[in-house]
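Chain and residue survey
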Amino acid sequence: MIVVVMGVASAGKTRVARMIEKRAGWRRIEGDDLHPEANREKMSAGTPLTDEDRWPWLDAIGVELAKAAAEGTSLVVTCSALKRGYRDRLRRHCPELRFLHLHGPKALLQQRMSGRKGHFMPASLLPSQLATLEMPGKDETDVIHGDIRKPVDRIVEKFLREVGT
């Protein structure tokens, strides 16, 4: 099983991925760790990334997804995957990929972002992430949705149940 936990900043991608790693015993990769330094600097300065900034990052994630698929190992990766084109690019690397889309109200996301300490992405970038987000379409049948108003363990339990783990 290969899964990308997706959503805007502060949706809880890392917390959910850590719990999946712990409960299912899968390997985990923090997608932010694969950003080129130039991307991290841009975001730290409060500048939203462009599609051109994101392509190398998405391809780096895609390489990890494809490697896990080739090895037959289960993997959970965090990645915002905000646009359909981004998700499609990841799918090209790993056709058997599944997504867990974390979503919730803007006010809750803002509250979470304002409480984060030590993260390179400032709260000022949340509006650009929300503007960029293309909600997964009904035809994206590889996407499971997780409401961030629910406890993390319930989100993870629902996800694992739906994927049959």
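Here, every reference points to the structure presented above.
Below, the structure is looked at part by part. (Residues numbered from 1 in each chain as written. Predicted model: local features only at pLDDT ≥ 70, side-chain atom pairs only at ≥ 80, totals over all residues. Heavy atoms only, no water.)

1. Some words on the sheet that holds strand 5 (residues 143–147)
Where we set the bar: A pair of strands is considered paired only if DSSP assigns at least 2 bridges between the two. The helix count covers DSSP runs of H or I at least four residues long, the strand count covers runs of E at least two residues long, and both are numbered beginning at the N terminus. Fitted lines through C-alpha atoms give the axes, limited to the stretch in contact for helices. The angle between two N-to-C directions lies from 0 to 180 degrees.
What the five strands build is an open sheet, ordered 2-3-1-4-5; its pairing is parallel. The two strands at the open ends of the sheet, each matched to only one other strand, are strand 2 (27–30) and strand 5. When the angles between neighbouring strand axes are averaged without regard to direction, this sheet yields 20°. Bridge count between strand 2 and strand 3 (residues 75–78): four bridges; the pairing is parallel.

2. Some words on the state of the cysteines
Our working rule: To count as a disulfide, a pair of cysteine sulfur atoms needs to be within 2.5 Å. In this scheme, a residue with accessible area under 20% of its type's maximum is buried, one over 50% is exposed, and one in between is partly exposed, where area comes from a 1.4 Å probe on protein chains only.
This structure, assessed with the given rule, holds zero disulfides. Lacking any disulfide linkage, C79 is separated from the closest cysteine sulfur, that of C94, by 13 Å. Overall, C79 belongs to the buried group, its relative accessible area being 1%. C94 gets classed as buried once you look at its relative accessible area, which sits at 0%.

3. Considering the environment of I29
Rules: The contact criterion used throughout is that any non-hydrogen atoms of two residues lie within 4.5 Å.
Mapped onto the fold, I29 is located in strand 2. Relative accessible area serves as the criterion here: at 12%, I29 is assigned to the buried category. Sequence separation between I29 and V77 is 48 residues, and the spatial gap between their C-alpha atoms is 4.8 Å. When neighbours within four sequence positions are excluded, I29 is seen to be in contact with L34, E64, L75, V76, V77 and T78.

4. Regarding helix 3 (residues 51–71)
Heads up, the rule is: Residue count minus one, scaled by 1.5 Å, sets the expected span of a helix. Here the arc refers to the set of directions running from the helix axis out to each C-beta atom.
Over its 21 residues, helix 3 extends 30 Å from the first C-alpha to the last, a length consistent with the 30 Å expected when each residue adds 1.5 Å. Residues of helix 3 that are buried include every one of D53, R54, W57, L58, I61, G62, E64, L65 and A68, and no others. Seen end-on, helix 3 carries its buried residues on one side only, within an arc spanning 165°. Exposed residues pointing more than 90 degrees away from the buried face of helix 3 are listed as E52 and A70. In this fold, the buried residues of helix 3 make contact with strand 1 (2–6), strand 2, helix 2 (37–44), strand 3, helix 4 (84–93) and helix 6 (126–132).

5. Describing the packing of aromatic side chains
Put simply, the rule is: Each pair of aromatic rings taken from Phe, Tyr and Trp, with Trp reduced to its six-membered ring, is defined by centres within 6.5 Å and is described as stacked if the planes are under 30 degrees apart, edge-to-face if over 60, and tilted in the remaining cases.
Counted by the stated rule, this structure contains two aromatic pairs. Measuring from ring centre to ring centre gives 6.5 Å for W26 and F159, while their planes differ by 80°; the resulting arrangement is edge-to-face. You can see W26 sitting in the loop between helix 1 (13–24) and strand 2 and its partner F159 sitting in helix 7 (residues 152–163), a full 133 residues away along the chain. In this pair, the class of W26 matches that of F159, namely buried. Relative to Y86, the ring of W55 lies with its centre 5.4 Å away and its plane at 85°, an arrangement referred to as edge-to-face. Taken together, the positions of W55 in helix 3 and Y86 in helix 4 put the pair 31 residues apart, joining distant regions of the chain. The class for W55 is partly exposed, based on a relative accessible area of 25%. With relative accessibility at 1%, the residue Y86 sits in the buried group.

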